[in-house]
Structures are given as C-alpha cells and as structure tokens.
Amino acid sequence: MEFSNRLKNLPTQFFATLVQKVALAVSEGRDVINLGQGNPDQPTPEHIVRALQDAATNPLAHKYSPFRGINELKQAAADFYKREYNVEIDPYTEVAIMFGTKIGLVELPLAMMNENELMLLPDPGYPDYLSGVGLASVRFETMPLLEENNFLPDYSKLTEIQKEDAKLMYLNYPNNPTGATATKDFFEETVALAKESDIAIVHDFAYGGIGFDGQKPISFLQVKGAKDVGIEMYTLSKTYNMAGWRVGFAVGNPKIIEAINIIQDHLFVSLFPAIQTAAAAALNESQECVNELVSLYEGRRNALVDACSRIGWNVKAPKGSFFAWLPVAKGYTSQEFANLLLEKADVAVAPGNGFGSFGEGYVRVGLLVDEVRLVEAINRIEKLNLF
Ligand SMILES: Cc1ncc(COP(=O)(O)O)c(C=O)c1O
C-alpha cells in the first residue's frame, strides 16, 4: 500500500520516545517522578463537571451541534474577553469554537496558506506547530527565543526576505517551554511588524490563565490594532483542567475566524453540545477555581526553585505557564542530561532540544506533581553531584 506524501511529511513525535522510556522504567517497578509531560494533574472543578452532567441529560444535547458551535458558548467567550481583558469581541463573527486549540493551530496553515509559503515559528516552541506545517506542506523558519531577550523573538534579526515572504507567525506567551511571559511593548512591536510586512499573527494563549507573582498574563488582543492583524487561541485545557474534554476557541480578526470556520465546516460538526454548555459555564461562572489553581502552581514553582538553589542549581523562576526551563549541568547535552536523570535518579524531564535547536542546553520540568514529589526529585538529583 502506498500512502500520501502528506503523511510522510509529518514529523515524528519527539516525545514518544520519552514516554516509552518512562513506561519501561515504571514497568520495571521503578518509582519514576515524571516531570516530562504537560498533562494537568488536578481534576476539573466540580461546578463544571456538574454543568456537563446536567446538560447531558437534555435530549437536545444529543443531536448534531450547529456546524459552528452553540451561540451560548460564543457569547460566553466574548463576555470572558470583555471581563478578563476588556477586549470587545463580536460573538458571531469573531469567535470560532474548536476541539481544543491543538486542532486550530494545526488546521490554520491549511486554511490560510498555499504549499511552500513561509511560516515563522518560535524556537524553542510547542512541537505540534510542526504538524500544521507538515499537513499543509508549507515552509517554516524559526525565530530564536534567547534567555538574554527574556525568551522573546528579536524582530530586528529577521531578514528582509523573511519579512517579505512570511504569511503567518505563531507566538505563545506564557511560553511553553520557557515559562516566559510577554510584555505590552513586545505585542505592540508585533502588531507594527505584522502591519508593515503583512504577516498574520496567531497568539497561542494556552497558558493565559497561569501567571505568577500577581502578574496576570496579557492578551495579544489588548494591544491596539491586534485584531487587524491576528487572532488569539484560548484553551480550557489548562485554565480549568479540562485537557481531556477537548474544548477551546479562537477570537479576533473576523477574516481569519471565518477561514477557520470554513475549514471546520468540512472537517467537523462542532463539539458535543453538552461539552459546549459546560465550557460556557466554566467561562461565565466564578473564576475562584482559577485563582486557586494559580496559587497551587505558584507554590510548586517556589518549592522547585528553592530546592534547586539549595543544591547549587542556578535556575530562573518561570513567570507563567506550568513549566520551568532549567539549564543542564556542565558537559551534558539536553538529551544526555535527561537520560542521566532518568537512569540514575528516576526523574523524567523533557530534553530541551525536542522543542527546537535553541532548546539545546535546557530541560523542561512540569509543575504537575505535588510539592513533596518535586522536592524529592531535586533531592534525588542532588545525589548525582552535578552542581
Ligand atoms: C503551547 C501550547 N499550545 C497549545 C496546546 C494545545 O492545547 P489543547 O489542544 O488542549 O487546547 C498546548 C498543550 O499542551 C500547548 O502547550
């Protein structure tokens, strides 16, 4: 049997190997502390689960959803943006409902680009951006995220050809994997570049709900002119621990939103209506559960950073997301360091080079186990005398 070039183009899942290695170690009876993955460990808040249970008893929820999702959820997304960010969104033309934002990020190049057109991606970055590149057979070039620039791309380093050719750019703050956050100045620069060079901007706001030290992460759409050039993707996966539910949305530029809706008209018949109703409840009701979640992650972050400092591991505290981006010990590559921690300390971390070549020299740690286990992981690493 012969399969499509499109299928052959798809990148291999870098982290599949890590998952296998961890599974093998666990099957050998080892007590692995797995800090390698990005799956929220807390349950979905009860009031959201109850909203799903109630909605699921309504026979109307068992029918096909309207193609583009239910109005109640679009209105909830618009109200959420007004309340949380003071951004005006038209629920009917400026919101697209989707099965989590991974699908939006992957389908967007298909909707907006022709083969071989150029996309700009952050390096390091969320590996699934490359799935969209592969499926749409577009080209991509990377924008390095360097510690000395607070992990923001330096647009002065883009070449004239890159600026001329690029059609689409992805950004993501709070950032996976570095934990960095964006500034208003940076987003203003982004809008200026997008206007000058005619580049559509997609801001992946997956960790928008998770900012530390009292700093609420800013939305790209809070910056003047942002809606003229781009959209923002918002997922319920992280803010409300709903990763398995598969629900998110895009808001912003109505032309891009329409392109997403058109492609989705052909791929899906939107989400299970009861999930949409419960997602609307998550957005509309009290956000106290989000404050509690942020405090929990912040406590874990502080415990991790303190434990690292105690053993002489010089790490910077992430400002948002639920990841910490830690430099590897001298003399090791990211992969070697991650292998060593798994083999000798039963601690799994994600090697930074899996997020792009500028991730070399770092490993990503998820704040997705409790403080006791996080500290235990660092205590085990201390015994290796690496720092
Ligand atoms: C940066 C980033 N963007 C998008 C997603 C996709 O989230 P979802 O498809 O659950 O909405 C993730 C999930 O890990 C992520 O880390």
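Structure: above.
Heads up: these notes are all about the structure in this document. Along each chain, residues carry numbers from 1 onward, in the same order as the chain's sequence is written. Totals for whole chains, interfaces and linings use all residues, but because this is a predicted model, local features are given only for residues with pLDDT of at least 70 and pairs of side-chain atoms are given and counted only at 80 or more. To get the side-chain values, take all heavy atoms of the structure and skip hydrogens and water.

Considering the sheet that holds strand E2 (residues 95-98)
Piece 1. The sheet built from seven strands is open, its strands ordered E2-E8-E7-E6-E5-E3-E4 with mixed pairing. Where the open sheet ends on each side, the last strands, each with one partner, are E2 and strand E4 (139-144). On average, each strand axis in the sheet is tilted by 20° relative to the strand beside it, whichever way the strands run.
Piece 2. Strand pairing follows a simple DSSP-based rule, namely that at least 2 bridges must link the two strands. Per the convention used, a helix needs a DSSP run of H or I reaching at least four residues, while a strand needs a run of E reaching at least two, with both numbered from the N terminus. Bridge count for strand E7 (residues 230-235) against strand E8 (residues 248-252) is five bridges, and the pairing is antiparallel. By the bridge assignment, Met233 is partnered in E8 with Ala250. For helices, the axis comes from a line fit to the C-alpha atoms of the stretch in contact; other axes are also lines fit to C-alpha atoms, and the angle between any two N-to-C directions lies between 0 and 180 degrees.

What to know about the packing of aromatic side chains
Piece 1. Aromatic rings from Phe, Tyr and Trp, taking only the six-membered ring of Trp, are treated as a pair when their centres fall within 6.5 Å; an angle between ring planes under 30 degrees marks them as stacked, one over 60 as edge-to-face, and anything in between as tilted. Following the criterion strictly, the structure yields 28 aromatic pairs and no others.
Piece 2. Measuring from centroid to centroid gives 6.2 Å for Phe151 and Tyr362, while their planes differ by 75°, and the two rings are edge-to-face. In this pair, Phe151 sits in the loop between E4 and helix H7 (160-165) while Tyr362 sits in strand E12 (residues 362-366), placing the two residues 211 residues apart along the sequence.
Piece 3. We call a residue buried when its accessible area falls under 20% of the maximum for its residue type, exposed when it is over 50%, and partly exposed in between, using a 1.4 Å probe and counting protein chains only. A relative accessible area of 10% places Phe151 in the buried class.
Piece 4. Under the relative-accessibility criterion, Tyr362 is labelled buried at 13%.
Piece 5. Members of the aromatic cluster, connected to one another through ring pairs, are Phe80, Tyr81, Tyr85, Phe205, Tyr234 and Phe249.

Brief notes about the pairing of E2
Piece 1. Residues Val95 and Ile97 of E2 are buried on one face, and the alternating residues Ala96 and Met98, pointing to the opposite face, are buried as well.
Piece 2. As defined by bridge partners, E2 adjoins E8 across four bridges and the pair is classed as antiparallel. Its bridge partner lying in E8, Ala96 is registered against Ala250.

With respect to helix H14 (residues 334-345)
Piece 1. Between the first and last residue of a helix there are one fewer steps than residues, each counted as 1.5 Å, and that sum is the expected span. For H14, with twelve residues, the first-to-last C-alpha span of 16 Å sits near the 16 Å given by 1.5 Å per residue.
Piece 2. What H14 keeps buried is the set Ser334, Phe337, Ala338, Leu340, Leu341, Leu342 and Ala345.
Piece 3. In this description, contact between two residues means that some pair of their heavy atoms is separated by no more than 4.5 Å. Packed against the buried residues of H14 are helix H2 (14-27), strand E10 (347-348), strand E11 (350-351), E12 and helix H15 (371-382).
Piece 4. Directly after H14, the chain includes Asp346, whose backbone phi takes a positive value near 55°.

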